[in-house]
Amino acid sequence: MPGSDKAIRRLIFVASFFLVCSFAVNLIHAQSLQKPHSIPPQLYPKSSSTAIASNVIPNTYLVRVSSSWIKFVSLEPSIANLSSQLKCQDESFGLYRFVGNESVLLELKAKANLAGIPFTYQPEHYIQRRSLKPNDPLLPQQRYLDVIQMPLAWEQGMAGVNRYGDTLVVAVVDDGMDTSHPDLRENIWVNRKEIPWNGKDDDNNGYTDDYWGWNGGDSTPIIFNSESIFYGHGTSVAGVLGARGNNGIGVSGVIWQVKMMPLLCYSTKGADGEVGVVRSMLYAYRQKKRWINSQGKEGANVVALNMSVGLDKAFANEAPIWCAMFDSLASVGIISAGATTNSNIDVEKEGDIPSLCLSDGLIVTSSTLLNKQFDQAGYGTTSVDIAAPGGDVYTAIPRQINPASPYKGEQGTSFAAPMIAGTVAWLNSVVCKYYLDLMSVNSDSAIGLMRNWILTSVEPNKSLDTVCVTSGVLQCFNAWKKMDAWCMLHEPTYGADDIVSAKPILFPNPSLDQSFELAFPMSMPLTVSIYDASGRVVWNGVANTNEKIEMNRKLASGLYYVDAKVGGDSTRITWIVN
Ligand SMILES: [Ca+2]
Ligand SMILES: [Ca+2]
Ligand SMILES: [Ca+2]
């Protein structure tokens, strides 16, 4: 099996800002080709020990020994009680399974060896599919996920947290996001320190009621309004980036579990000027800065920002404030993914923002068809970096448009960019701690590395030779391979280390609806016991990591203790039910 060592490791771990320009010409617009949805606008109110790897099935062994010897010793009283514990799996091959204490096998092995009989045994391991597909029913319509190698990538891990257990947040600068969408709601960031709609800035971050992000267009906390439904653009971008994967519903995002921070950049009053974009970017920047300064206690760990919004026929010297924001974001470790225009033009001759913003923290994306051929979008061989399939993208739409099936096909660079932003977030979920440490001391260097992993691992396509710097299409698994090679060089044990250190993380906590998930770097069976404050068991059950666990009884509001056993490790987590 190629790369089996990696396979094993995988198994083991698995300003207010001012505006002086006229917007009569340069109105910002969504980078998609879709027509608005034809519904009338309406107001929407707002480890086990180091010796036992976590991929080992507890106390279970495979044994290979001559079946005739087993039959023979079954007549021997001193051995019979031992040999009878082996359950035959294949007689002619001499394959047995044993469940119990290893000492029994050691004793049997000694007796076999005395008799000159070969006796081999090993712990039995959980196996995994080599190409991981989530159970979302509309996945067959999402062929772009195969084009960018997501099933191979997911096999390396699919947690919404990094190796330090930090939640991964992606800011989405767009026209809002349907927070009630069944396939998005669990993956939408909320500001836990903010009490919604009480007219107060509870977390004292300068933004009143910013429970769900921020509306930079209007400077309000409303991140989903009638225009969000009418255009549906931000919801569709969110679907590509981070629709909940493997939840048995709808579609799967590039990353299954992530927290998407909705930042609405359009104004409901007058023209859509770029002030909304700048204010939105500033919100993401401030939240990340706060997260860094508070060592993760406040703010949000924003690792990527998606911008499927742009300014046609504009040059960088016409939008210096906007362009400089990408550097500000990079200074706090945020990589931005920007969609170039959908017009089939040379952006370097005709202009386009953000395409022409010069920032190492920005990856500019053009669009291909599913066959990786160029899809008639903006191009520029020094400013457009990469392409991703924006030609036929099946994704989420606002639930209000079609409550029975809130999904549809979309096209445009708008839907290619979130594949890059999603890839950045996903890479953050699997990257080694050495990289995360580097990010905390030298974000430029860390961003340069990740940018390089993504841009140097594309699949070249002739049709893209005159389109973008890399002449190729995003390949997420190839990017992982580059990342893995770098991590192996700097932190050779990075895969194995997590066996000891990885602990499941319970969220949401506090929970409002008596359900929660235990996030873990890989999908694992769990045994869960929940105790109330007085130590009584209130719930027992089995489940899987990264899947929703719902109580079959109503729990009173209060403090609980969740004992979660994953592999051989038990962890106690304090859980608050509201
Ligand atoms: Ca606030
Ligand atoms: Ca508040
Ligand atoms: Ca889904």
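Structure first, text after, so check above.
### Looking at the nonpolar core
Alright, step 1. Core analysis: the biggest nonpolar cluster contains 138 residues, and V170, V172, M261, A284 and L305 have the highest contact counts within it.
Alright, step 2. With nine residues, the single largest contributor to this core is helix α12 (residues 417-430).
Alright, step 3. Beyond its immediate sequence surroundings of up to four residues, V172 is in contact with M177, G234, V237, A238, L241, M260, M261, P262, L263 and N306.
Alright, step 4. Within the second largest apolar cluster, 11 residues are counted, among which are Y61, V65, I70 and A112.

### What about the sheet that holds strand β4 (residues 95-99)?
Alright, step 1. Strand order in this open sheet of four strands is β3-β4-β2-β5, and the pairing throughout is antiparallel. The two strands at the open ends of the sheet, each matched to only one other strand, are β3 (87-90) and β5 (119-125). Mean inter-strand twist for the sheet, computed between neighbouring axes without regard to direction, equals 30 degrees.
Alright, step 2. Looking at chain direction, strand β2 (residues 56-65) and β5 are connected through six bridges and run antiparallel. Within the sheet, the bridge partner assigned to L62 lies in β5 and is Q122.
Alright, step 3. Relative to β5, helix α4 (residues 102-114) is tilted by about 155 degrees, and along the sheet it contacts β2, β4 and β5.

### What to know about the sheet that holds strand β22 (residues 537-544)
Each strand in a sheet pairs with its neighbour through backbone hydrogen bonds, running either in the same direction (parallel) or in the opposite one (antiparallel).
Alright, step 1. An order of β22-β21-β24-β25 is seen for the four strands of this open sheet, with the pairing classed as antiparallel. The open sheet has two free edges, formed respectively by β22 and β25 (569-577), since each of these has just one partner strand. Each strand of the sheet is rotated relative to its neighbour by a mean of 20 degrees, with strand direction disregarded.
Alright, step 2. Note: strand β24 (residues 558-566) against β25, nine bridges, orientation antiparallel. Pairing of V566 across the sheet is with D569, part of β25.

### A look at helix α15 (residues 476-490)
Alright, step 1. Along its 15 residues, α15 runs 21 Å from first to last C-alpha, staying within 8% of the 21 Å computed at 1.5 Å per residue.
Alright, step 2. Among the residues of α15, C476, N478, A479, W480, M483, D484 and C487 are the ones counted as buried.

Rules used throughout
- Residues numbered from 1 in each chain as written.
- Chains lettered and ligands numbered in written order.
- Predicted model: local features only at pLDDT ≥ 70, side-chain atom pairs only at ≥ 80, totals over all residues.
- Core = buried A, V, L, I, M, F, W, Y, C linked by C-beta atoms within 7 Å.
- Buried ≥ 20, exposed ≤ 12 C-beta atoms within 10 Å, placed from the backbone.
- Helix = DSSP H or I, 4+ residues; strand = E, 2+ residues; numbered from the N terminus.
- Contact = placed C-beta atoms within 7 Å.
- Pairing = 2+ DSSP bridges.
- Axes fitted to C-alpha atoms, helices over the stretch in contact; angles between N-to-C directions.
- Expected span 1.5 Å × (residues − 1).

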